[in-house]
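Take a look at the letters that make up each chain.
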Amino acid sequence: MKSILKSLGTLPLRRFLSTVPKPLNLVQEAALEERCILVDQHDQECGFASKRDCHRLVNGNLPLHRAFSVFLFNTKDELLLQQRSSTKITFPDHYTNSCCSHPLYEIEHERKDIEGAKAAACRRLVFELGIPTSQCQPKDLQYITRIRYMSKGDGTWGEHEIDYIFILHKDVSLDPNPDEVSTVLYIPKAKMNKFLKNLNHPITPWFNLIVQYELTNWWDNLRSLEKVMNHKKIISY
């Protein structure tokens, strides 16, 4: 854990020590009104719905919508994890991969499949993690595959997504947004299993699936990602 704490020490102190109030804040309230892109099982766009309607279970069901997940590795091949803010509506306080969110229907260029998802990912990397725009451009993101999964979460809020997976492999500056993120830390591959076993909060369902079935293979091939790319198939769990 010493090496992990050293990595944490490189983050701006004012952000790392920030605390997020328990009640739902204005940022999270506003985010519920953003519109996700609805898709069919083949990832073809078929409309839109608010984030509220995409994530609130109705009779155990959730509309399928488009999302993305970024796995950010530094040049030491350590993976950046975040702990979600306690004010997040879905999976508060859960640990997860570097950045996860949705392309938005109201941002026209984010509706363009892979390129739209890349643009959305860059937008959220800036917003959530404070990465300067100059360090995060769509060309920096390597598209790996898409996964489809559903989780009923806490029984009220959940996820049902086709999730575009991107890898960003470079050193970046971080200044996390406390409305979104309560903790960030880099984990080396050799310490990942032990770290996950000793957490005092759960991990998100999509990250759990990726840890079980995909992450080791991606991590082993960080410098030859063409070996793990799957641009045609949607992996279903």
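Residues numbered from 1 in each chain as written. Predicted model: local features only at pLDDT ≥ 70, side-chain atom pairs only at ≥ 80, totals over all residues. Heavy atoms only, no water.

As named in an unreviewed UniProt entry, the chain is isopentenyl-diphosphate Delta-isomerase, taken from Macrosiphum euphorbiae. The UniProt entry for the chain carries the following comment under Cofactor (unreviewed entry): "Mg(2+)". (UniProt positions renumbered as here; feature names shortened; annotations may be inferred.)

Let us look at the packing of aromatic side chains. The tally for this structure, following the rule as stated, stands at 10 aromatic pairs. Centroid distance Phe 48 to Tyr 105: 4.5 Å. Interplanar angle 40°. Geometry classified as tilted. Of the two residues, Phe 48 sits in strand 2 (residues 45-50) while Tyr 105 sits in the loop between strand 6 (99-101) and helix 5 (113-129), which places them 57 residues apart along the sequence. Pairing Tyr 95 with Phe 195 gives two aromatic rings, centres 5.9 Å apart and planes at 85°, and the pair type is edge-to-face. (Phe/Tyr/Trp six-rings, centres within 6.5 Å; stacked < 30°, edge-to-face > 60°. Helix = DSSP H or I, 4+ residues; strand = E, 2+ residues; numbered from the N terminus.)

Under the counting rule described, the total for this entry stands at 16 salt bridges. Between Lys 51 and Glu 34 there is a salt bridge, with the nearest N and O atoms lying 2.7 Å from each other. Placement of Lys 51 in helix 4 (residues 51-55) and of Glu 34 in the loop between helix 3 (26-31) and strand 1 (35-39) is noted, with a sequence separation of 17 residues between them. Of the charged contacts, one joins Asp 77 and Arg 223 as a salt bridge, the two residues approaching to 2.8 Å between their closest N and O atoms. Of this pair, Asp 77 sits in the loop between strand 3 (65-73) and strand 4 (79-84) while Arg 223 sits in the loop between helix 8 (215-220) and strand 10 (234-236), placing them 146 residues apart in sequence. Given the relative accessible area of 22%, Asp 77 is considered partly exposed. (Salt bridge = Lys/Arg side-chain N within 4 Å of Asp/Glu carboxyl O. Buried < 20%, exposed > 50% of the residue type's maximum accessible area, 1.4 Å probe, protein only.)

A word on the nonpolar core. With 29 residues, the main nonpolar core has Phe 71, Leu 215 and Trp 218 as its most contacted residues. For this core, the elements supplying multiple residues, two or more each, are strand 3, strand 4, strand 7 (142-151), strand 8 (159-169), strand 9 (181-187), helix 6 (192-197), helix 7 (205-213) and helix 8. Residue contributions to this core peak at four residues, all from helix 7. (Core = buried A, V, L, I, M, F, W, Y, C linked by side-chain atoms within 4.5 Å.)

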